[in-house]
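# Chains, contacts and geometry: an overview
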Amino acid sequence: MAEENMMFIDPHIHMISRTTDDYEAMRQAGIVAVIEPAFWLGQPRTNAGAMLDYFSTIVGWERFRAEQFGIVHYCTIGLNAKEANNEELAEKTMDLLPRYASKEGVVAIGEIGYDDMTDLEEKYFHQQLELAKKMDMLVLIHTPHRNKKQGTIRSMDLCEEHGLDPSKVIVDHNNEETVEDVLDRGYWTAFTIYPGTKMGNERMVDIVKKYGTERIFIDSAADWGRSDPLGVPKTAQLMLQRGISKEDVKKVCYQNALDAYKQSGAMKEEDWLDRPKIDQSQTYGGNSVLRGGLEPFIEKEEPSEDDIIIE
Ligand SMILES: [Zn+2]
């Protein structure tokens, strides 16, 4: 990235489906922390055991794997809207949520919300909002791809029905159609930079120019589909080129996500400012990130040229 010395957070990315090359590129581009929201895997799960293993992966192995590349990994725990439509799976998953939601590094209940706005989606959306309230946790809302505006408004209505404070709720995947309502009602307003679809980088620059930077932040939502794990730093670069100040870029690509999620008590800046040195000779459950006799990378105590300098 041309703009050196900037730190970025990607507050919505599904690293479980990305490679270690992505972690390396992300770190080089200045990404210091990521949040991995629990979501579906493309292939629907057929039983709650699959969900249990998935939750274990995103609170365990994936956290370790990120650390091996100098990135701090957090996650959110929830039953996603698509799989809420499998009632048997949904019921059993609901039983797992409290246990996983209270684990280290879990910053919210999420991503929850609507897909097709079915009755079952609504049922488990209600139940998970209630759980968040009971556990005093933040909520990450996935807004639907179809009927986005309607789904977004309805999602906020539900949060308010449950007495949730909008400052404790992150509404994600916004676009030009939803931004005003979400900001006006006091929610954190996140945008996903998907190449060519949801939000392109160019459109995001226009949004920031029009609406400013308060409570607005961006993510890549990169997963197993066509997406870009460098969506945040690339958009930051474009914003700078288009005359948005470095201070504003920092808010949208780092500070606001931190301010939103640090309310959880599970995420703080020191986590990456004072993170442990990378030591790829470490293992997790006997597994390492190395293959075929590769030499482990061991970070030196002295800052290397890769290290991110704080402005
Ligand atoms: Zn997602």
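Throughout this document, residue positions are counted from 1 along each chain, in the order its sequence is written. Where local features are concerned, this predicted model is filtered to residues with pLDDT of at least 70; where side-chain atom pairs are given and counted, the filter is 80 or more; whole-chain, interface and lining totals use all residues. Calculated side-chain values reflect all of the structure's heavy atoms, with hydrogen atoms and water omitted.

- As recorded in an unreviewed UniProt entry, the protein goes by the name TatD family hydrolase, listed as coming from Fodinibius salicampi.
- Here the protein is described in UniProt, under the heading Sequence similarities (unreviewed entry), as follows: "Belongs to the metallo-dependent hydrolases superfamily." UniProt positions are given in the numbering used here, feature names are shortened, and annotations may be inferred rather than shown by experiment.

## Looking at the sheet that holds strand β1 (residues 8-10)
- A pair of strands is labelled paired if DSSP reports no fewer than 2 bridges between them. Secondary structure follows DSSP: runs of H or I at least 4 residues long count as helices, runs of E at least 2 residues long count as strands, and numbering of each begins at the N terminus. Spatial ordering of the open sheet is given by β1-β2-β3-β4-β5-β6-β7-β8, a layout of eight strands whose pairing is parallel. This sheet does not close on itself; its edge strands, each paired only once, are β1 and β8 (216-219). The mean inter-strand angle of the sheet, taken between neighbouring strand axes irrespective of direction, is 25°.
- In this sheet, strand β5 (residues 139-142) lies alongside strand β4 (residues 106-113) in parallel orientation, the contact comprising three bridges. Pairing of I109 across the sheet is with V139, part of β5.
- By definition in these notes, contact holds between two residues if any of their heavy atoms fall within 4.5 Å. What counts as an axis is a line fitted to C-alpha atoms, over the stretch in contact for a helix, and the angles between N-to-C directions run from 0 to 180 degrees. Running at roughly 170° to β8, helix α9 (residues 201-211) makes contact with β7 (188-192) and β8 of the sheet.
- Most of the contacts of helix α11 (residues 246-261) go to β8, to which it runs at about 105°, and overall it touches β1, β2 (31-37), β4, β5, β6 (169-172), β7 and β8.

## Brief notes about the environment of D116
- With respect to the element layout, D116 can be found in the loop between β4 and α6 (119-135).
- Sequence spacing of D116 and R146 is 30 residues, and the spatial spacing of their C-alpha atoms is 7.5 Å.
- Any pair of N or O atoms that falls within 3.5 Å is considered a polar contact. Within protein, one atom must be able to donate a hydrogen and the other to accept it, and sequence-neighbouring residues count only if both atoms are side-chain atoms. Side-chain polar atoms of D116 contact the side chain of R146, separated by 2.6 Å.

## Looking at the packing of helix α10 (residues 231-241) against α11
- Two elements in contact, α10 and α11, have axes whose closest approach is 10 Å; the angle formed by their N-to-C orientations is 155°. In terms of their interaxial angle, α10 and α11 are classed as roughly antiparallel. Helix-helix and strand crossings are classified by hand; for α10 and α11 the assignment is right-handed. Within the contact between the two elements, α10 uses V232, A236, M239 and L240 and α11 uses K246, V249, V252 and C253.
- Tallied by class, the residues present in the contact of α10 with α11 amount to seven nonpolar, no polar and one charged. Here the angle decides the label: under 35 degrees means roughly parallel, over 145 means roughly antiparallel, 65 to 115 means roughly perpendicular, and every other value means oblique. If you view the pair so one helix is near and one far, a crossing is left-handed when the near helix is turned anticlockwise from the far one by less than a right angle, and right-handed when it is turned clockwise. Charged means Asp, Glu, Lys or Arg here, nonpolar means Ala, Val, Leu, Ile, Met, Phe, Trp, Tyr, Cys or Pro, and polar covers whatever is left, Gly included.

## Some words on the state of the cysteines
- Here, the term disulfide refers to a pair of cysteine sulfur atoms separated by no more than 2.5 Å. Taken as a whole and judged by the stated rule, the model has zero disulfides.
- This cysteine, C159, is not joined by any disulfide, and C75 carries the nearest cysteine sulfur, 20 Å off.

## Thoughts on the nonpolar core
- Membership of the largest hydrophobic core comes to 39 residues, with the highest contact counts inside it found for F55, I77, L129, V139 and V169.
- Secondary structure elements with two or more residues in this core: α2 (48-59), β3 (72-77), α5 (87-101), β4, α6, β5, α7 (148-161) and β6.
- If one sorts the elements of this core by residue count, α5 sits on top with seven residues.
- Non-local contacts of I77, meaning those with residues more than four positions away in its chain, are made with A38, F55, I58, V59, L97, Y100, A101, V106, A108, I109 and G110.
- The next biggest cluster of nonpolar side chains, apart from the first, holds 35 residues, and it includes A29, F69, I193 and L238. For the purposes of this section, nonpolar cores are sets of buried Ala, Val, Leu, Ile, Met, Phe, Trp, Tyr and Cys residues that join through side-chain atoms within 4.5 Å. Using a 1.4 Å probe on the protein chains alone, a residue whose accessible area is under 20% of its type maximum counts as buried, one over 50% counts as exposed, and one in between counts as partly exposed.

## Describing the pattern of salt bridges
- Salt bridges are identified by distance alone: a Lys or Arg side-chain nitrogen within 4 Å of an Asp or Glu carboxyl oxygen. Throughout the structure, instances matching the rule amount to 21 salt bridges.
- In this structure, R45 and E83 form a salt bridge, with 2.6 Å as the shortest nitrogen-oxygen distance. With R45 in the loop between β2 and α2 and E83 in helix α4 (residues 81-84), this pair connects stretches of sequence that are 38 residues apart. In this pair, the class of R45 matches that of E83, namely buried.
- Residue E87 pairs with K123 through a salt bridge whose shortest N-O separation is 2.9 Å. Here K123 lies in helix α6 and E87 lies in helix α5, a separation of 36 residues in the sequence.
- When its relative accessible area of 29% is taken as the criterion, K123 is described as partly exposed.
- Three or more residues are tied together by salt bridges with common partners; here these are K82, D115, D116 and R146.

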